Amino acid sequence: MEDPLTKKVNTNPSRSHLTGGGFIVDDTTPDDIFISEEFTEEQLMIKEMVIDFCVHNIQEPFFKNGRELEATIPEDRNKILALLKKAGDLGLCGISISEAYGGMGLDFNTGILFNEALASGFAFATTLGAQTSIGSLPIYYYGNEQQKQQYLPGIASGKLIASYALTEPNSGSDANSAKTKALLSADGTNYSLNGQKIWITNGGFADIYIVFAKIEDDKNLSAFIVERNYPGFSVGEEAKKMGIKASSTVQIFFDNCIVPSQNLLGDREAGFKMALNILNTGRIKIGSGGVGAGKFSVTKGIEYALKRQQFNQPIANFGAVKQKIGTIITRTYALEAAVYRTDKNVDEKILKKIKNGINDGTSKLNGVKEFAIECAILKVVGADLACYATDEVMQIHGGMGYAAELGLEMAYRDSRITKIYEGTNDINGMLSVAELIKKGLKTNEIDLNGAGKKIPFMVLSEYFRWGKSPLETGAKVDAKV
Ligand SMILES: Cc1cc2nc3c(=O)[nH]c(=O)nc-3n(C[C@H](O)[C@H](O)[C@H](O)COP(=O)(O)OP(=O)(O)OC[C@H]3O[C@@H](n4cnc5c(N)ncnc54)[C@H](O)[C@@H]3O)c2cc1C
């Protein structure tokens, strides 16, 4: 059977040597860089399908009935479940899962494009995002064949709702300090879990939970697939939140919760690495979500600025308004270029691994891991842009922006979470630098030293060219020497 990934990825062999973080020092030619104009018709069709889904099922009912969408959790839980089911029927719950397990088997870049489009689904972006990413990828990437067969087709079709449970009341950023404990029974048939998790997206109605816990006195976390109906498992109240109110967020509790030993996911103590690796994918998706939020905001901003008259003219004529729109466009354009360039690099890496006989899930896992630095950077820039753009578009609307009926204040509140989950922006900022230093100075995957040594020559050559130092001439210093 033709591999869906090979079929869809338009490869350029010269790109596949690229190393994550290498953009700092590598020479890059135009051929190395994927631009969004290169998306195929099929990829753009998927994007349109997701936008259509969000507009018809989320935006239109919202704008018709005022605040209906926000009142849905917990009161209208069934509406969210029906939406998930509808998304599943269209194949949208299985975008990252291969066809062999009932998914669409999209390449990485299309999956990220999908996420840009999903930003127009407000809180549902978080719901479907957890289903297609953090809730299901641990099984797809790390599960054994039996676990994949048992759970993935249900997740891909939307019949099973998935969630990811890492955070605890006393362990957030410091995730490996989690206290939830797993004890193996004397006969080795099951684990007994005790502890609690907090802020679990989809947790109010999920069927399966990827739970991270420490087995006995292990130093590192292990991961388990926990089903909702296991004895000793319970779900708390829905959290009252600033935004994404249509997204379920709960605490979950384990009181001698019995989990069959075959539900250990991956190796013992491999859970912490797994948790971090899964977050890489979630992070770059927040990057493309930022692109979606930027485009949404700029469209709404331009529409209103052309229509709204003050001082006998459209407010679009005023420089301050133009500057707001221009800044959102500039930042969106830059982020879009960076996101899809990176995604294509990830795809090239994945394809190379598949060609070397590594399975689709492991190839995807390691392909994105290679670009962990970029994922962390793009998460920060995407979240910042989502918050900035939704704030500025509200400002362009003046008092109307603050009114609930336009949905802009909802977009503003919804976007704020992106700076907090999938690792706070602060943590991701530090992580990108720490990874870069590791690759540059410890594992030597990036030649930071070599690039650093060239700087004095670059400064001297500028001096001889201009008879002055670059700082005196104001010449642009090219760090990629
Ligand atoms: C709506 C929502 C949905 C969520 N969904 C999920 C989910 O599905 N699954 C899941 O497991 N978790 C989920 N989370 C949890 C989320 O990932 C955590 O809230 C986040 O990682 C931060 O952890 P914390 O809240 O414990 O903050 P803390 O770790 O206590 O951090 C508090 C502050 O200190 C800063 N800080 C911490 N350590 C450092 C450091 N070393 N240096 C500098 N600053 C630091 C942080 O940046 C932050 O500003 C969700 C959270 C929310 C609010």
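Undergrad: Whenever I open this one, unusual backbone geometry confuses me. Can you help?
TA: Outside of glycine, negative phi angles account for most residues, and trans bonds account for most peptide bonds. Although it is not a glycine, Asn 202 sits at a positive phi angle of roughly 70°. The exposure class assigned to Asn 202 is buried, which follows from its relative accessible area of 0%. Of note in this structure, Glu 422 is not a glycine but carries a positive phi near 60°. Of note, Glu 422 is situated in the loop between α13 (408–415) and α14 (425–442).

Undergrad: I keep staring at the site of the ligand and nothing clicks. Help me out?
TA: Looking at the ligand, there are 20 residues lining it, with Tyr 164, Thr 167, Ser 173, Trp 199 and Thr 424 nearest. Taking Thr 167, its side chain carries an N or O atom lying 2.7 Å from a nitrogen atom of the ligand. Separating a nitrogen atom of the ligand from a backbone N or O atom of Trp 199 is a distance of 2.8 Å. Every element with two or more residues in the shell around the ligand is listed here: β1 (162–165), β3 (190–201) and α14. A per-class count over the shell around the ligand returns 12 nonpolar, 5 polar and 3 charged.

Undergrad: I keep staring at the domain arrangement of the protein and nothing clicks. Help me out?
TA: A common way to express how large an interface is: the accessible area buried when the components associate. Splitting the protein by domain gives domain 1 (1–446) and domain 2 (447–481). Computed from C-alpha atoms alone, the centre-to-centre distance between domain 1 and domain 2 is 40 Å. Opposite the 10 residues of domain 1 that make contact, domain 2 presents 6 residues. The tally of links from domain 1 across to domain 2 stands at 0 salt bridges. Applying the counting rule to domain 1 against domain 2 returns 1 residue pair in polar contact (both at pLDDT 80 or more). Of the residues belonging to the side of domain 1 that touches domain 2, the class tally is 6 nonpolar, 1 polar and 3 charged.

Undergrad: Just to check I follow, could you spell out the packing of helix α4 (residues 108–118) against helix α8 (residues 271–307) for this structure?
TA: The relative placement of two packed helices is expressed as an angle between their axes plus a distance between the axes. Look at α4 against α8: their axes get within 7 Å of each other, and the N-to-C directions meet at 45°. By the criterion of interaxial angle, the relationship of α4 to α8 is oblique. Between α4 and α8 the crossing geometry is right-handed. On the side of α4, the interface is formed by Phe 108, Gly 111, Ile 112, Asn 115 and Glu 116, while α8 contributes Thr 281, Ile 284, Lys 285, Ser 288, Gly 289, Val 291, Gly 292 and Lys 295. Taken together, the residues that form the contact of α4 with α8 break down as 4 nonpolar, 6 polar and 3 charged.

Quick notes on the rules
In every chain, residue numbers begin from 1 and rise along the written sequence. Whole-chain, interface and lining totals are the exception, using all residues; otherwise, since this is a predicted model, local features are given only for residues with pLDDT of at least 70 and side-chain atom pairs are given and counted only at 80 or more. Only hydrogens and water are removed before side-chain values are computed, so all heavy atoms of the structure are retained for them. Each residue's exposure class comes from its accessible area (1.4 Å probe, protein chains only) as a fraction of the maximum for that residue type: buried when under 20%, exposed when over 50%, partly exposed otherwise. In DSSP terms, a helix is any run of H or I states spanning at least four residues, a strand is any run of E spanning at least two, and both are numbered starting from the N terminus. Any residue with a heavy atom lying within 4 Å of a molecule or strand is counted as near it. We define a polar contact as two N or O atoms separated by no more than 3.5 Å, with the added condition that, inside protein, one atom must be a possible hydrogen donor and the other a possible acceptor, whereas residues neighbouring each other in sequence contribute only through side-chain atom pairs. Think of it as three bins: nonpolar holds Ala, Val, Leu, Ile, Met, Phe, Trp, Tyr, Cys and Pro, charged holds Asp, Glu, Lys and Arg, and polar takes everything else, Gly as well. Domain boundaries shown here were taken from an automatic or database domain assignment. Note on contacts: a residue pair qualifies if any of its non-hydrogen atoms lie within 4.5 Å across the two residues. A carboxyl oxygen of Asp or Glu within 4 Å of a side-chain nitrogen of Lys or Arg is what we treat as a salt bridge. Helix axes are fitted to C-alpha atoms over the stretch in contact, other axes to C-alpha atoms as well, and angles between N-to-C directions run from 0 to 180 degrees. With respect to orientation, any angle under 35 degrees is reported as roughly parallel, any angle over 145 as roughly antiparallel, any angle of 65 to 115 as roughly perpendicular, and every other angle as oblique. The handedness criterion is simple: a crossing whose near helix is rotated anticlockwise from the far helix by less than a right angle is left-handed, and one whose near helix is rotated clockwise is right-handed.

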